[in-house]
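# Working through the structure, step by step
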Amino acid sequence: MNEARRSHWAAVRAVAVLVATVLLVVWTVFPFGWILLTSLKEPRDMLAVPPKLVFQPTLANYEALFLGKQRGAYASTRPDFPRFFLNSVLISTGAVALSVATGILAAYALARFTFPFKNQLAFLFLSFRFAPFITFLIPLYLLFQRLGLYNTHLGLILAYQLITLPFTIWMLRSFFMEIPVEVEEAAQIDGCSWWGVLTRVMLPLSMPGIAVTVILGFMFSWNAFNYPLILAGRQTFPVTVGAIQFISYEQVLWGQMAAASLVAIVPQLLLSLSVQKYIVRGLTMGAVR
Amino acid sequence: MPAVTARGRRRQNALLPYLLLAPAFALLVGMLYPFGLGLYYSLTNYWLQYPHLFRFVWLGNYVALVTEPLFVYALEFTVGYALVAVLVQVGLGLAIALFLHARIPGRSVVRALMLMPLMMPPVITALMWKIMMASTTAGILNYALSFLGLGPINWLGSIRGAMASILIIDTWGNLPFVSLILLGGLQSLPGEPYEAARVDGATPRAILRHITLPLLSPFIVLAITFRMMDALRIFDVIYATTVGGPADATTNLHMLAFQYSFQWYQMGKGMAHAVVLLALVVVASAVLLRFWNRAATHTAA
Amino acid sequence: MGTRRGWLIGTLVGMLALLGVVASLPAQDDSALAYYRQAKINWRLAAGQSLTIGLNKHPFTESLLPAIPEFERLTGIKVEYLILPEQEYFSKLVADLSQQRGEFTVIMTGPMRNWQYATPGWIMPLDEFINDPKLTDRGWYRLDDFYPGLIAANRWNGKVGGGVGEGPLYSVPVLAESYILAYRKDIFDQHKIKVPTTIEEMAEAARLVKKNAGIDGIVARGTPAVPTVATGFISGIKSYTDGKWNEVDDKLNTTFHDPRSVKFTQTWVDMVRASGPSNWANMTWYDAMEAFAAGQAGMIADADFFAATYEDPKKSKIAGKVGYALIPAGPGGKTYAGLWTWGLGMSKATKNKDAAWLFIQWATSPRTLLNATVEHRNYNPSRVSVMNDLRVQKLMGGWGGGSYVKTQQENLKTARVAWVPQPERTRLGDIWARSLHEIYFNRASAADALKKASAEVDKVLQEAGIKK
């Protein structure tokens, strides 16, 4: 009797899990499906009422992105999209790398040491992410112009620290604090300096945290819009600014915008896929402990 | 190891944390100038087209805010929206994180898919949802709903619908963020408490309440803090869909500040709005971080 | 695991390499320099200098891009450009102009924007360049070839409340945009609906379309911002009042609450509420245009050149089914539609003013503008010679069975800048649009909402020192 009831509940649970999973996946992925369809549609099909799910697909939108042959006599000779894409890769990678490098040090200090003004400094770091971008966007623009940072990759990498650094520091700090102090003390007894503790104990043990921080930081950088709009020029626009260029004065090239958005996802996808295993590895390490 | 006196080591240790913080500090301190300038503008009546009118008004802009009816509404909407959004997003995010942490089939695939909304810039996300939420017949959302026998919803064209739509779009884009932080937290939790609890024969619900949640609390508070900071300042989604409407219903402080600064070029007033928003964020974060400190010290124990 | 990571890295590297190759593809070449060399000026007088041009995303700017290397060879001036959609373009432009950094030398602008930029002296009057024989060959450039109304629209003497058409020329127009009524001829014919000649008839026609054809009777912009009132609405209200009412009177008092304005506004909002789309309140220009092109509405009173989309079978479902008419007139029987021109202007912070003018002259010369329309669908042409060119007539002549060209030309005779010149036009328009929302959602009567809006604008004008 118990056997039957347990398997009955197990079945109900399994169905509930399945339904929940399906709902979650549909909710998450459905808009992407829509974007994918849009990127394959001719302009006429996009206007269909009711919305068309079956239509004659075309690769013209993707062609336009990379080869510049756009519809409606938009004959850009040199497509800007590949350049915008490269800019995004350069700037986001640079921004995250810089944040992680400096953030690891700062997070370690905040996690493991006690010193005057510690909490105030921690709060200060967080506070740089507080301000609404308009508070300083025009002054920042001025500053960049005067320093020659306007329309440079370096300038954007520095500006992006406002987005990534506070987040990185606080995330890493939380993950560092999860590591039991005994493990560290053991390493110190073995003769490790702070650098050794950091590199041999903290970093390996907080790999899942670092992986998560890197992915999220990269995505925040990649998808920033307001900063590069004002602080970058045509040579340094990332894809986010590039993607809205399909809003023209007399039409909106939804197909190309959709195609650009999808192509822009690829590096983020690749990064998150390649980092997935660090999260998994962290899991097994945790179990061993 | 070179021989260092105890005193030397103490001195070295006293300086070390500051040295470790120095690079990060150097990166961010440059931002103080532009921010200071923005603050300075808020104390003036700086209006881009009328430089000849420029003068100091000290707190005049701030005083004027109180009598401006739209400001009061924007303030209410900013706070109200942030509270609801954080509640919904962290609540759902926690549920999803717990769900994905458990051993369900295909969870690595689901986990990878969950990241996808984060891969879109908010501007594009908003535009995409705007098309899906378009008029009663053309939008795919209403079309799908019609199959379920549910009537067309005026997502963006009605006052209530617009507010709900902003929440939906914001949640869609940021739920993965919360889930991921909490999932990362869950996966970095130490194993001993769980083993001990299993040995003691504790129920899953008890484990959740007495072990998981308390151990996870620093991450939960962190997720709440970040989402709160962003929800208070939400802008791109609103600008791309409702532009603060209909009838000013989705106008929050950030939107208002943007309109004053970038649409109407009244920098002084715009900055005043922005500084008020900033103050809100500072206060909220200070309060939340106190919770974080408490949570972090508890779990360390 | 190792191979998977290797595969991923390989893919990424491959993508980057491909992109690097594509990004460095050379631009097209074109040698039509002979035409430009006919001008009796020295194109190379600014050789070696460089220009950065701020452009709005537009068919005209798209038409310039392939020709820029040609300009560089003609003049020896290095050109860098930046293109953004309208909203983002203006944000970036103002950041630059207000700080007078001189980042942008040549800019795209138009009448109402000029009032904002000229007031603090951010832009250069162009007359001195046009009148300098060393810089401009007037015989070749033919300023008189532009529709006079368009040139007039870009002149302003700086006087708040008047003076459009006099004073310095701030930008050279590259297109003409006005507002007409586009309607579904097939539906109107089928249900014997009369093409409206008054606003009341328009509301009635919208009602009939909705009742008989099951689609929205009318579609219109509705976001709470100035574009909503700047096209069909303001054309309608100015026509309704026979061009005698202005939103700001000569004492600079705002007059939204004038009874005629109240009546028109009430009729318009009622029409949109009863027969318009349910999500009117967040419809942008492209929402409205696309809805009409998708066959979801019976009428639209908006930019005339949207016809290029309506009549393109690749982009619309109603090609060939559209008729065009003037926006309903007032009791006097005349339509006073609004006017907008995009044009090229010059930032005052520019160090290379002569170089900037050479570019403007080149970009707005007869051949360049002709090419822009014929090859790149830049509508409507701002030069008479371009409009009369046989190829252009052929392109546009078929629209609406000829009713488009007829209506557009007729309209252009009486179209004029609809706004009272003052630097706070955007603010005024935003407040106006928001009052429409108040009325639409029944939060206030038309009279109350408009009275409140008038007071709000008055306050702004006072704060700005424009009004006493």
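All values reported here derive from a predicted model rather than from experimental measurement.

With that settled, consider the domain arrangement of chain A. Interface size, as often reported, equals the accessible area lost upon joining of the parts. All names here are of chain A. Here the domain parsing of chain A yields domain 1 (2–61) and domain 2 (81–288). Look at where the C-alpha atoms of domain 1 and domain 2 centre, and you get two points 31 Å apart. Counting residues at the interface gives eight residues for domain 1, matched by seven residues for domain 2. Contributing elements (two or more residues each) for the side of domain 1 that touches domain 2: α1 (2–39) and α2 (43–46).

Attention now moves to unusual backbone geometry. Glycine aside, a negative phi is what most residues show, and trans is what most peptide bonds show. Along the chain, Gly245(B) connects to Pro246(B) via a cis peptide bond; the corresponding omega equals -10 degrees. Tracing the backbone through its elements, the reader meets Pro246(B) in the loop between α11 (236–241) and α12 (253–263). Between Tyr379(C) and Asn380(C) the backbone carries a cis peptide bond, its omega angle lying at -15 degrees. Along the chain, Asn380(C) falls in the loop between α18 (366–376) and α19 (384–388). Within the chain, Gln100(C) stands out as a residue other than glycine whose phi angle is a positive 50 degrees.

So, on to the pairing of strand β9 (residues 322–325) of chain C. Residue and element names in this part refer to chain C. Residues Val 322 and Tyr 324 point to one face of β9 and Gly 323 and Ala 325 to the other, with burial holding for every one of them. Sheet topology note: the strand β7 (residues 177–184)/β9 ladder contains four bridges and is antiparallel. Within β9, the residue paired with Tyr 183 across the bridge is Gly 323.

Let's shift gears to the nonpolar core. Leu182(B) and Ala182(C) are the most contacted members of the largest nonpolar core, which totals 339 residues. Counting residues per element, this core draws most heavily on helix α4 (residues 81–112) of chain A, which supplies 16 residues. Not counting residues within four places of it along the chain, the set of residues in contact with Leu182(B) comprises Gly93(B), Leu94(B), Ala97(B), Leu216(B), Phe219(B), Ile220(B) and Ala223(B).

With that settled, consider the domain arrangement of chain C. Residues and elements named next belong to chain C. Here chain C is partitioned into domain 1 (47–176 + 341–388) and domain 2 (178–338 + 417–463). One C-alpha centre belongs to domain 1, the other to domain 2, and the line joining them spans 29 Å. Looking at the side of domain 1 that touches domain 2 element by element, the count peaks at four residues for helix α6 (residues 111–118). Looking at the side of domain 1 that touches domain 2 residue by residue, the classes come out as nine nonpolar, six polar and one charged.

Parameters and conventions
- Residues numbered from 1 in each chain as written.
- Chains lettered and ligands numbered in written order.
- Predicted model: local features only at pLDDT ≥ 70, side-chain atom pairs only at ≥ 80, totals over all residues.
- Domains from an automatic or database assignment.
- Contact = placed C-beta atoms within 7 Å.
- Helix = DSSP H or I, 4+ residues; strand = E, 2+ residues; numbered from the N terminus.
- Buried ≥ 20, exposed ≤ 12 C-beta atoms within 10 Å, placed from the backbone.
- Pairing = 2+ DSSP bridges.
- Core = buried A, V, L, I, M, F, W, Y, C linked by C-beta atoms within 7 Å.
- Nonpolar A, V, L, I, M, F, W, Y, C, P; charged D, E, K, R; others polar.

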